[in-house]
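# Understanding the architecture of this molecule
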Amino acid sequence: MAIWSKTWESVNRASTRGCVKAASRVRAVLRSEAGQGTTEYAILVGVLVVIAILAIMVFRPKLEQLWNAIADGINGL
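Residues numbered from 1 in each chain as written. Predicted model: local features only at pLDDT ≥ 70, side-chain atom pairs only at ≥ 80, totals over all residues. Heavy atoms only, no water.

### A few points about the overall build of the chain
Looking only at helices and strands, one finds three helices and zero strands in the chain. For the chain, the N- to C-terminal ordering of α and β elements is α-α-α. Classification of the 77 residues of the chain by burial places 0% in the buried group. For the chain, the exposed surface amounts to about 7,300 Å²; the carbon and sulfur share of it is 69%. (Helix = DSSP H or I, 4+ residues; strand = E, 2+ residues; numbered from the N terminus. Buried < 20%, exposed > 50% of the residue type's maximum accessible area, 1.4 Å probe, protein only. Areas by Shrake-Rupley, 256 points an atom, 1.4 Å probe, with all protein chains shown as cover.)

Have a look at this one:
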């Protein structure tokens, strides 16, 4: 019976150490800021694309008038 008790205690200690190591690794990864810059740039680019699309949709008639005026000016040369 003592052998099983000692074996169980050693397994329990080993699994506890493993969980503590895993938890500290997870904390270190979550605290890491290595990929933060890339993520911020990706979000910024995404927001700028949405703003550009909205601006094109809102100003479409004015852009068409401007484009037609430029085309007429070039054709008139």
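### Quick word on the pattern of salt bridges
According to the stated counting rule, one finds one salt bridge in the structure shown. One salt bridge in this structure joins E64 and R60, with 3.4 Å as the shortest N-O distance. Of the two residues, E64 and R60 are both situated in helix α3 (residues 60-75); the distance of four residues between them amounts to about one turn of the helix. (Salt bridge = Lys/Arg side-chain N within 4 Å of Asp/Glu carboxyl O.)

So far we have only geometry, and geometry alone does not tell us how the molecule works.
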